[in-house]
Amino acid sequence: MTVVAGVDSSTQACKVVIRDADSGALIRQGRAAHPDGTEVDPRAWWRALGEAIRAAGGLDDVAAIAVGGQQHGMVCLDEDGHVVRPALLWNDTRSAQAAADLVAELGPRQWAEAVGSVPLASFTVTKLRWLADHEPASVQRTAAVCLPHDWLTWMLGGSGRLSALATDRSDASGTGYWSPDSGRYRPDLLRLAFGRQPLLPEVMAPSQASGNTNGGALLGPGAGDNAAAALGVGADEGDVIVSIGTSGVVCAVSPHPTADPSGTVAGFASATGDFLPLVCTLNAARVLDAAAAMLRVDHAELSRLALAAPPGSDGLVLVPYLQGERTPNRPDATGAVHGLTLRTSTPQHLARAAIEGLLCGLADGVEALVGQGVEIRRIILVGGGARSEALRRIAPSILGHPVLAPPPGEYVAGGAALQAAWTLRGDATPPAWGTAGEQPYQADVVSEVRERYAVARDLIIRRASG
């Protein structure tokens, strides 16, 4: 039996799965925590990867490995390959002003046409501008810039040569200086942000090997976490993946690139050669964590409470901007509760309002994809937050489409493992592993829930803008 490994180096943890290369059957897995924070020394990821690999029984029998990783993070290396400074992660919003400056300098439409997206504080290009503005000494030391998954793949290769850095289309498309449409870097935009042009990773084809580990395993090109998850659930054209993790993500497999000058939809690439238009929110599974903490219950009880309240929570609305927000782009906004009355002052109402508010933010993302011409057949619900029974049952009524919920699993790591098998086989199309135990959910759309949410959301946006 030939086995392959897939890695999910996410914001909060590193997960490793070992799967059968032919069937995709899970053989073993391991996990290790990442440190908290929005600024992290990449060496912590490397230590966690080693720990997760050991927990998964090692790589001695693994024929190929690929890494899926959190997108956008800025990793700067000096000419000897040493990390210049701690990486700024996607959820570090200190570059919000840098993003605004870059958009003003070029124009939102020009950015969208150039790289498919309008830069936000999460994008690598804005973090590089922040570095240029605040740490010129770090800029001078920087010989190469890469992303979290690029760096881990490079470390697994063990060559130590900066010229061996590699990435893939999906992760490159989240930098702000690579065009999914043309398939090329935009060095002019990199120089605009950074003031100079460091070495960048080579962008590999979807199943192109980027080298070998010291143990001889083939290295796949890897992928951004959202593209890896889409690959892991077997998403096809017309499928929208809604991922409820540290961030909330709505993305769709599309044969065509998008360019949204409003900045709501990011025009990313997929891990298969297609495109992956995407909307991201900062507030997702942690909304459930916060609601459970406020009510002093666990997640199972939070779900039970939410299902005990009526649809629409009798008018109680929770806008969950608990750590600012990316979509809409309001990094300094805070959350709010509207419609609080004696009737709605119950744990049941608050639990349901939290879930409905989380889903309404994601429903805005679904609507934005439709506005970019994306056709939607069904929604596939994944991520840690999707483990909530209440969220799965409420989702179709808020999102407006049938929902398919695969069983809980490590779909980013699984997608990376599938890519490793694809790289090993060298076929034109990825293996079709399939997903067993998918559960469909359908419900009537409750339009007044989204209408009330929109009113409360717009109040917050106006206050944040003022």
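Refer to the preceding data block for the structure.
The following paragraphs examine the structure supplied in this document. (Residues numbered from 1 in each chain as written. Predicted model: local features only at pLDDT ≥ 70, side-chain atom pairs only at ≥ 80, totals over all residues. Heavy atoms only, no water.)

### Structural notes on the overall build of the protein chain
No. 1: A count of helical and extended segments in the protein chain gives 15 helices and 24 strands.
No. 2: In summary, the protein chain has a C-alpha radius of gyration of 21 Å against a globular reference of 23 Å for 466 residues, a match within 12%.
No. 3: By the burial criterion, 58% of the 466 residues in the protein chain qualify as buried.
No. 4: Within the protein chain, contacts between residues separated by at least 24 positions form 72% of all contacts whose residues are at least 6 apart in sequence. (Helix = DSSP H or I, 4+ residues; strand = E, 2+ residues; numbered from the N terminus. Rg over C-alpha atoms; globule rule 2.2 N^0.38 Å. Buried < 20%, exposed > 50% of the residue type's maximum accessible area, 1.4 Å probe, protein only. Contact = heavy atoms within 4.5 Å.)

### As for the pattern of salt bridges
No. 1: Under the defined criterion, the tally for this structure stands at 22 salt bridges.
No. 2: Taking the shortest distance from any N to any O, the salt bridge between R186 and D188 comes out at 2.8 Å.
No. 3: Taking relative accessible area as the criterion, R186 reaches 27% and is therefore assigned partly exposed.
No. 4: Looking at D188, the relative accessible area reads 33%, which means it is partly exposed.
No. 5: Here R377 and D239 are joined by a salt bridge, their closest N and O atoms 2.9 Å apart. Pair noted here: R377 is in the loop between α12 (347–371) and β22 (378–382) and D239 is in strand β16 (residues 239–244), with a separation of 138 residues, a long-range link.
No. 6: What you see here is one network of salt bridges that share partners, running through E39, R85, D92, R94 and E135. (Salt bridge = Lys/Arg side-chain N within 4 Å of Asp/Glu carboxyl O.)

### Comments concerning the environment of M74
No. 1: Position of M74 relative to the elements: it lies in the loop between β5 (62–69) and β6 (75–77).
No. 2: In sequence terms M74 and F123 are 49 residues apart; their C-alpha atoms lie 8.6 Å from each other.
No. 3: Ignoring any residue separated from it by four or fewer positions in sequence, one finds M74 in contact with R85, A87, L88, T124, K127, L128, L131 and C146.

### Here we look at the side chain of D260
No. 1: With respect to the secondary-structure elements, D260 resides in the loop between β17 (248–252) and β18 (266–269).
No. 2: A polar atom in the side chain of D260 sits 2.8 Å from the side chain of S262.
No. 3: Side-chain polar atoms of D260 contact the backbone nitrogen of V265, separated by 3.0 Å.
No. 4: When neighbours within four sequence positions are excluded, D260 is seen to be in contact with A112, G116, V118, V265 and Q372. (Polar contact = N/O pair within 3.5 Å; in protein donor to acceptor, adjacent residues only side chain to side chain.)

### Considering the sheet that holds β16
No. 1: Read from one edge of the open sheet, seven strands run β18-β19-β17-β16-β22-β23-β24, paired in mixed fashion. The sheet terminates laterally at β18 and β24 (439–441), the two strands that pair on one side only. Direction aside, the axes of adjacent strands within the sheet are offset by 30° on average.
No. 2: Pairing between β17 and strand β19 (residues 275–281): four bridges, direction antiparallel. If you follow C251 over to β19, its bridge partner there is L278. (Pairing = 2+ DSSP bridges. Axes fitted to C-alpha atoms, helices over the stretch in contact; angles between N-to-C directions.)

### Structural notes on the environment of V62
No. 1: The topology assignment puts V62 in strand β5.
No. 2: Those residues in contact with V62 that sit more than four places away from it in its chain are V3, V4, A5, I18 and A217.

### Focus: unusual backbone geometry
No. 1: With a phi angle near 55°, R296 is a residue other than glycine that sits in the positive phi range.
No. 2: Note that R296 resides in the loop between α10 (285–295) and α11 (299–308).

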